[in-house]
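Overview (structure and organization)
The lines below spell out each chain.
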Amino acid sequence: HLHAWLPRARRSGRGTLMLFAGGVSRPSQPNIRGSILAECANRTDACAVVDCSGGKCSHDPGRYMRAMLKAKFCLEPPGDTPTRCSTFDDILAGCVPVFFEDLAARSQYGWHLPPAQYDEFSVHRPKETVVFGGVSIAETLEAVPEGDVRRMRKRVLEMAPRVVYRRHGSTDELKGVVKDAVDLAVDGVLRRIRRRTRAQEGLPDRIYAMEDDSIEM
């Protein structure tokens, strides 16, 4: 149950600065994943790696969730697609996500993660500065004041109900208190319908407007 899980995530000791969970094969061309793996190999004092190659984590979420509960930051580089489902695991674990391009999340999940508030719960470091600019991810994250890390973690955990869905027949404690991922998706669809309706009523440019396509918290 979420209401029992979140206190555990809040209390969890965070002895690892940063974590990468994913495939560990080295790319043939320079890219952000290769840079992360190289830095983690050189900074074992600061970085942990969970090998999820070959589907090792697909049916064993504990393999990476235990590590996420011990980490302050979770690295979310793009792979075959810009987005990674582990972003939502980060949020549930209270591990502050680190993004390397806007397509990874900011421009994808406006209904669930308010785009204007990303600085409150995540870190963004352009992948080009790491791959080609020599910027150290660990040094960047070590420079974040501990008070800021705690505030971001608190904000991350506040958003956890927005990225999960309640099972049918869930307790009254969860019903109606906060909207879950399905509620927010339905609200988003309804906003788009209203926008299309306004466009048909003589305001055609409104169909392209974005200000009502995401919501604030």
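Okay, so let's go over this structure. From a predicted model like this one, the values you see are computed outputs, not experimental measurements.

1. Re the packing of helix α3 (residues 62-69) against helix α4 (residues 86-93)
In the contact formed by α3 and α4, the axes pass within 9 Å of each other and the chain directions differ by 50°. Judged on the interaxial angle alone, α4 and α3 are oblique. Viewed along their axes, α3 and α4 form a crossing whose handedness is right-handed. Contact residues: α3 offers Tyr-64, Met-65, Met-68 and Leu-69, while α4 offers Ser-86, Asp-89, Asp-90, Leu-92 and Ala-93.

2. Concerning helix α2 (residues 32-42)
Summarising burial for α2: eight of the eleven residues are buried, a large majority. Ile-32, Arg-33, Gly-34, Ser-35, Ile-36, Leu-37, Glu-39 and Cys-40 are the residues of α2 that are buried. For α2, the secondary structure elements touched by its buried residues are β1 (16-22), β2 (47-51), β3 (71-76), α6 (127-131) and α7 (137-142). Backbone nitrogen of Arg-33 and a side-chain oxygen of the N-cap are separated by 3.2 Å at the start of α2; the cap is Asn-31.

3. Concerning empty space enclosed by the protein
Following the criterion strictly, the structure yields one cavity of 30 Å³ or more and no others. When its volume is computed, the largest cavity comes out at roughly 40 Å³. In terms of lining, the largest cavity is formed by Phe-99, Glu-101, Asp-102, Arg-106, Tyr-118, Asp-119, Ser-122 and His-124. For the lining of the largest cavity, a count of residues per class yields two nonpolar, two polar and four charged.

4. Some words on the sheet that holds β2
By definition, the strands of a sheet pair up through backbone hydrogen bonds, in either a parallel or an antiparallel sense. Judged by pairing direction, the sheet is parallel, and its five strands sit side by side in the order β2-β1-β3-β4-β5 without closing on themselves. The sheet terminates laterally at β2 and β5 (123-124), the two strands that pair on one side only. The pairing of strand β4 (residues 96-99) with β5 spans two bridges and is parallel. Among the inter-strand pairings, Phe-99 is bridged to a residue of β5, identified as His-124. Where α2 meets the sheet, its contacts fall on β1, β2 and β3, and the angle it forms with β1 comes to roughly 135°.

5. Structural notes on the layout of surface pockets
Taken as a whole, the largest pocket holds about 380 Å³ of empty space. Every residue lining the largest pocket is counted, 18 residues in all, and those nearest its centre are Ala-21, Cys-52, Arg-84, Cys-85 and Ser-86. Secondary structure elements with two or more residues in the lining of the largest pocket: β1, α3 and α4. Looking at side-chain class alone, the lining of the largest pocket contains seven nonpolar, seven polar and four charged residues.

6. Observations regarding the environment of Ala-160
Position of Ala-160 among the secondary structure elements: in the loop between α8 (146-158) and α9 (181-200). Judged by relative accessible area, which is 0%, Ala-160 ranks as buried. Note: C-alpha distance between Ala-160 and Asp-180 (20 residues apart in sequence) is 8.7 Å. Each residue touching Ala-160, except ones within four places of it in the same chain, is listed here: Leu-2, Leu-6, Ile-91 and Leu-92.

7. Some points on the nonpolar core
If you look at the biggest cluster of nonpolar residues, it comprises 30 residues, and the most contacted ones within it are Val-50, Tyr-64, Met-68, Ile-91 and Leu-113. Elements with a contribution of two residues or more to this core: α1 (2-11), β1, α3, β3, α4, α5 (118-121) and α8. Counting residues per element, this core draws most heavily on α3, at four residues. Sequence-distant contacts of Tyr-64, defined by excluding residues within four places in its chain, comprise Leu-19, Ala-21, Val-50, Cys-57 and Asp-89. If you look at the next biggest cluster of nonpolar residues, it comprises 23 residues, including Cys-47, Val-96, Val-98 and Leu-141.

8. Some remarks on the side chain of Glu-39
Its location among the elements puts Glu-39 in helix α2. At 5.4 Å, Arg-43 is the nearest oppositely charged side chain to Glu-39, a buried residue that forms no salt bridge. Engagement of the side chain of Glu-39 in a polar contact is seen with the backbone nitrogen of Ile-137, the distance being 3.1 Å. Side-chain polar atoms of Glu-39 contact the backbone nitrogen of Ala-138, separated by 2.7 Å. With sequence-adjacent residues up to four places away left out, Glu-39 is seen in contact with Met-18, Val-135, Ser-136, Ile-137 and Ala-138.

How each quantity is defined
- Counting starts from 1 at the beginning of each chain's written sequence and moves along it residue by residue.
- Local features in a predicted model are, by the rule used here, given only for residues with pLDDT of at least 70; side-chain atom pairs are given and counted only at 80 or more, and totals for whole chains, interfaces and linings are based on all residues.
- Neither water nor hydrogens contribute to the side-chain values; these are computed over all heavy atoms in the structure.
- Between N-to-C directions, angles cover 0 to 180 degrees, with each direction set by a line fitted to C-alpha atoms, over the stretch in contact for helices.
- Only DSSP runs of H or I covering at least 4 residues are called helices, and only runs of E covering at least 2 are called strands; the numbering of each starts at the N terminus.
- Angle categories are assigned with fixed cut-offs, so that under 35 degrees is roughly parallel, over 145 is roughly antiparallel, 65 to 115 is roughly perpendicular, and the rest are oblique.
- By convention, the crossing between two helices is left-handed when the near helix turns anticlockwise from the far helix through less than a right angle, and right-handed when the turn is clockwise.
- Pairs of residues are marked as contacts when any of their non-hydrogen atoms sit within 4.5 Å.
- A simple rule labels every residue: compare its accessible area, found with a 1.4 Å probe on the protein chains alone, to the largest value its type can have, and call it buried under 20%, exposed over 50%, or partly exposed in between.
- N or O atoms within 3.5 Å of each other form a polar contact, as long as, within protein, one can give a hydrogen and the other can take it, and as long as residues adjacent in sequence are counted only when both atoms are side-chain atoms.
- Put simply, the grid is 1 Å and covers the protein atoms alone, a cavity is a trapped set of points that fit a 1.4 Å probe, a pocket is an open set with protein on both sides within 12 Å along at least five of seven lines, and lining residues have an atom within 4 Å of a point.
- Grid points are joined across faces, edges and corners, and a volume is the space filled by probe spheres set on the points.
- Residue classes follow a fixed rule: Ala, Val, Leu, Ile, Met, Phe, Trp, Tyr, Cys and Pro count as nonpolar, while Asp, Glu, Lys and Arg count as charged, and any other residue, Gly among them, counts as polar.
- Following DSSP output, two strands are said to pair if at least two bridges run between them.
- Among buried residues, the Ala, Val, Leu, Ile, Met, Phe, Trp, Tyr and Cys ones that are joined through side-chain atoms within 4.5 Å form a nonpolar core.
- The charged-residue count follows a simple rule in which Lys and Arg add positive charge and Asp and Glu add negative charge, with His and chain termini not counted at all.
- Each reported salt bridge corresponds to a side-chain nitrogen of Lys or Arg within 4 Å of a carboxyl oxygen of Asp or Glu.

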